[in-house]
Amino acid sequence: MLVVSEEVREAVAARRPVVALESTIIAHGLPRPRNLQVARELEDVVREQGAVPATIAVLDGRPHVGLDKGQLERIANQEGLRKLGHRDLALAVATGASGATTVSGTALLAARAGVRVFATGGLGGVHREWTATQDESADLGLLARTRITVVCAGVKSILDVAATLQRLETLGVAVAGYGTDRFPGFYLADSGHPVDWTLRTPREVAEVMRAHDQLGVPDSALIVANPVPEAEQLDPALHARVLADALRACDERGISGQAVTPFLLDYLARHTEGASLAANLAAVRGNVRVAGRVAGAWAEGR
Ligand code: PSU
Ligand code: MN
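All figures in this text were calculated on a predicted structure; none of them were measured in a lab.

**A short note on the overall build of the protein chain**
At step 1: Helix and strand counts for the protein chain come out as 13 helices and 13 strands.
At step 2: The C-alpha atoms of the protein chain give a radius of gyration of 18 Å, which matches the 19 Å a tight globule of 302 residues would have.
At step 3: On the principal axes, the C-alpha backbone points of the protein chain span a range of 50 × 45 × 35 Å.
At step 4: Restricting the contact set of the protein chain to residue pairs at least 6 apart, pairs at least 24 apart contribute 73%.
At step 5: Carbon together with sulfur atoms contributes 49% to the accessible area of the protein chain, which is approximately 13,100 Å² in total.
At step 6: Mean positive and mean negative side-chain charge positions of the protein chain (32 and 35 charges, respectively) differ by 4 Å.

**Side note on the nonpolar core**
At step 1: In this structure, Val8, Leu123, Leu143, Ile148, Phe183, Ile223 and Leu268 are the most contacted members of the largest nonpolar core, which totals 61 residues.
At step 2: When sequence neighbours within four positions are dropped, the list of residues in contact with Leu143 reads Val103, Ala107, Leu123, Ile148, Val150, Val173, Ser220, Ala221 and Ile223.
At step 3: Ile25, Val151, Ala176 and Val284 belong to the second largest nonpolar core, which has 43 residues in total.

**Thoughts on the site of ligand 1**
At step 1: Close contacts around ligand 1 come from 18 residues, with Glu22, Lys83, Ser137, Asp139 and Lys156 the closest.
At step 2: Between an oxygen atom of ligand 1 and a side-chain N or O atom of His127, the distance comes to 3.5 Å.
At step 3: At 3.2 Å, a side-chain N or O of Asn280 approaches an oxygen atom of ligand 1.
At step 4: In isolation ligand 1 offers 480 Å² of accessible surface; the protein chains occlude 94% of this area.
At step 5: Listed by contribution, the elements that provide at least two residues to the shell around ligand 1 are α2 (24–27) and α12 (260–271).

How each quantity is defined
- Residues numbered from 1 in each chain as written.
- Chains lettered and ligands numbered in written order.
- Predicted model: local features only at pLDDT ≥ 70, side-chain atom pairs only at ≥ 80, totals over all residues.
- Heavy atoms only, no water.
- Helix = DSSP H or I, 4+ residues; strand = E, 2+ residues; numbered from the N terminus.
- Rg over C-alpha atoms; globule rule 2.2 N^0.38 Å.
- Contact = heavy atoms within 4.5 Å.
- Areas by Shrake-Rupley, 256 points an atom, 1.4 Å probe, with all protein chains shown as cover.
- Lys, Arg positive; Asp, Glu negative; His and termini not counted.
- Charge placed at Lys NZ, Arg CZ, Asp CG, Glu CD.
- Core = buried A, V, L, I, M, F, W, Y, C linked by side-chain atoms within 4.5 Å.
- Buried < 20%, exposed > 50% of the residue type's maximum accessible area, 1.4 Å probe, protein only.
- Near = heavy atom within 4 Å.
- Polar contact = N/O pair within 3.5 Å; in protein donor to acceptor, adjacent residues only side chain to side chain.

Okay, structure coming up:
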């Protein structure tokens with residue numbers, strides 16, 4: 001049922017490094033036409049690290065792992081593309097729908113295709129106001145049940161970061177800072193929260209993955225939290241101010257469910273003159289680079 005591109009299929013079979021990339025960030029997280037440039041650039045960054053990129057999406061009811069040029073263009077430009085979490089995958093397949101996959105949708109399909117390393121921007125998590133809305137991203141539940149290594153810049157700073165870290169602990173998802181003992185804050189290098197573990201090299205990450213398998217730890221993700229370089233982060237004061245406005249606007253307009261995250265990301269980009277976008281891109285780029293190296297170290301030991 002999965003359509004795995006020839007390049008990805010061959011690399012997985014030969015145990016060469018592969019990095020999964022999500023498509024929601026392209027379709028719903030970034031403005032056009034920048035999004036297509038970014039989609040291509042991220043694939044190039046994976047290749048520069050000697051790994052094969054596998055961007056994941058569902059097109060006309062077929063889940064694709066590894067997209068060609070035209071398919072990547074569809075993800076960036078097609079009107080009405082859906083946002084697919086893992087619960088939506090079977091619905092999209094059976095109805096012939098097309099959509100971009102979130103972290104949860106992407107991680108599920110990547111794992112099915114035998115891809116162990118995945119790079120994204122920031123994970124979904126527990127939203128502020130959770131007690132009123134019960135809005136917790138499906139990313140967390142899926143990562144608690146999927147054997148995959150996710151390199152990310154923490155969780156999106158629009159969320160309740162402390163509550164999200166607590167949920168990850170409860171769900172048994174391993175979290176390590178990459179070269180830091182602070183949990184990164186997506187647009188910011190530091191979310192204000194510590195992490196218990198620090199990994200410093202791709203080889204160390206790969207060793208954790210091997211130990212996970214050898215111990216027979218139940219299927220669950222390893223989150224490698226890689227901070228955006230401080231020089232490229234969003235100014236923390238600006239971030240705090242605009243985020244407060246964005247949350248208020250979201251509330252006033254009654255936006256809920258899947259629309260919340262894209263609305264907030266877009267609001268921040270527009271009200272920081274693109275500075276949040278620059279920080280977001282710097283974070284994703286750095287994550288993709290680290291993921292490429294981790295995939296390399298993982299492949300080396302197999
Ligand atoms: N990271 C980004 N931009 C994004 C996302 C992550 O830099 O747009 C997406 C991911 O696909 C993530 C999703 O899974 O936002 C979470 O959305 P929700 O809160 O609706 O689960
Ligand atoms: Mn949500």
